Amino acid sequence: MLLHVPDVLTAGELAEVRALLERAPWGDGRVTAGVQSAQAKNNEQLPQDAAEAAALQQIVMRALNRHALFFSAALPKRVFPPLFNRYGGAANAFGNHVDNAVRYLPGGRAERVRTDVSCTLFLSDPASYDGGDLVVEDTFGTRSVKLPAGDLVLYPGTSVHRVEPVTRGFRVASFFWLESMVRSDEQRRLLYEMDTQLMRLRASVGETDPAVIGLTGTYHNLLRMWGDV
Ligand code: NI
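Here is a short report on the structure shown in this document. Source: prediction; values computed, not measured.

Turning next to the packing of aromatic side chains. The description of an aromatic ring pair uses the distance of the two centres, along with the angle that the planes make with each other. Within the structure shown, the criterion is met by 2 aromatic pairs. Seen from their ring centres, F80 and W177 are 5.3 Å apart, and the 75° between their planes marks the pair as edge-to-face. Of this pair, F80 sits in the loop between β5 (76-79) and β6 (83-87) while W177 sits in strand β17 (residues 171-180), placing them 97 residues apart in sequence. For the pair shown, F80 and W177 are each scored as buried. An aromatic cluster of at least three residues, connected via ring pairs, comprises F80, F175 and W177. Lying across the ring of F140, R143 places its NZ or CZ 5.9 Å from the centre. The ring of Y129 has K146 lying over it, and the distance from NZ or CZ to the ring centre is 4.4 Å.

In structure tokens, the structure reads:
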């Protein structure tokens, strides 16, 4: 499933993030790439130990934690601390690649995150740059994604994807991976669709309708069967 999640950051948070990133020390993006994807990767990245990184990560994580649509679609179990990248000038593209399946949490920690879901949170106004589309190839075909600042796209970690060259301006984004409570993309999508329809049903017939109670139970029983927490 590839899903556009709108309004993840408020206008105030976006301004705060941009101010922090403006004074950030950008470095070579290849530091977090695997051997193969390092050959395709040509962008800049905020070093994970930069002074601004912790504050930026906190803003993004807080926004994700309150976003019901994001939660319903991703069912996150563990989220890799968000990273930040910039495309423009001579470092302006990232060719086709698949993200590494397993990521070690930074800081020498032993914990790992299986990258079931990849996320890109767009931070630049799309009118301020040309190119820079995220192109995702998966079972749903090829999709080209360029979103308003503050919006996020989530897509399966299994997808081949790329970022097209930025030919004017700079494309700044946050990107990260998450391990989902539901490993299978297909099962996760079914739960998301069921949850979406349940919300519509609750809005039209009320919370206490017996069918709403029954179907809510079925949703949770499926999550209990498929989920790993
Ligand atoms: Ni990638």
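A few words now on the pairing of strand β13 (residues 141-145). Walk down a regular strand and you will see the side chains alternate between the two sheet faces. Across 5 bridges, the pairing between strand β12 (residues 134-138) and β13 is antiparallel. Bridge pairing in β13 places D138 opposite G141.

Below, the discussion takes up the nonpolar core. Core analysis: the biggest nonpolar cluster contains 33 residues, and L21, L46, F70, L123, L152 and L154 have the highest contact counts within it. Mapped by element, the contributors of at least two residues to this core are β1 (3-5), α1 (11-22), α3 (53-65), α4 (68-74), β10 (117-122), β14 (152-156) and β17. Counting residues per element, this core draws most heavily on α3, which supplies 6 residues. Beyond its immediate stretch of four places on either side in the chain, L46 contacts L21, A24, P25, W26, A53, L56 and F84. The next biggest cluster of nonpolar side chains, apart from the first, holds 13 residues, and it includes V145, L147, Y155 and V163.

A few words on the coordination of the nickel ion. Think of it this way: four donors in a tetrahedron around the metal ideally sit 109.5 degrees apart, and six in an octahedron ideally sit 90 or 180 degrees apart. Here the nickel ion is held by the protein donor atoms H97 (NE2), D99 (OD) and H161 (NE2), which lie 2.1 Å from it. Expressed as a motif, the donor residue spacing for the nickel ion is H-x1-D-x61-H. Here D99 is found in the loop between β7 (93-97) and β8 (102-104), whereas its partner H161 is found in strand β15 (residues 160-163), with 62 residues between them in sequence.

Parameters and conventions
The numbers attached to residues start from 1 for each chain and follow its sequence in the written order. Only residues with pLDDT of 70 or above have their local features reported here, since the model is predicted, and side-chain atom pairs are shown and tallied only from 80 upward, although totals for entire chains, interfaces and linings are computed over all residues. Side-chain numbers here rest on the full set of heavy atoms in the structure, without hydrogens or water. In summary, the pairing rule links any two rings of Phe, Tyr or Trp, Trp by its six-membered ring, whose centres are within 6.5 Å, and it sorts them by plane angle into stacked for under 30 degrees, edge-to-face for over 60 and tilted for everything else. Helix and strand assignments come from DSSP, with helices taken as H or I runs of at least 4 residues and strands as E runs of at least 2, each series counted from the N terminus. The rule is simple: take the accessible area with a 1.4 Å probe, protein chains only, and divide by the maximum for that residue type; under 20% is buried, over 50% is exposed, in between is partly exposed. Only lysine NZ and arginine CZ atoms are considered, and such an atom sits over a ring when it is within 6 Å of the ring centre and within 35 degrees of the ring normal. Note on pairing: two strands pair once DSSP finds at least 2 bridges between them. Nonpolar cores were defined as sets of buried Ala, Val, Leu, Ile, Met, Phe, Trp, Tyr and Cys residues, with membership established by side-chain atoms within 4.5 Å. Residues are treated as being in contact if the distance between any of their heavy atoms lies within 4.5 Å. The donor set comprises N, O and S atoms within 2.8 Å of the metal, extended to 3.2 Å for Na, K and Ca; water molecules are omitted, so apparent gaps in a site may simply reflect that omission.

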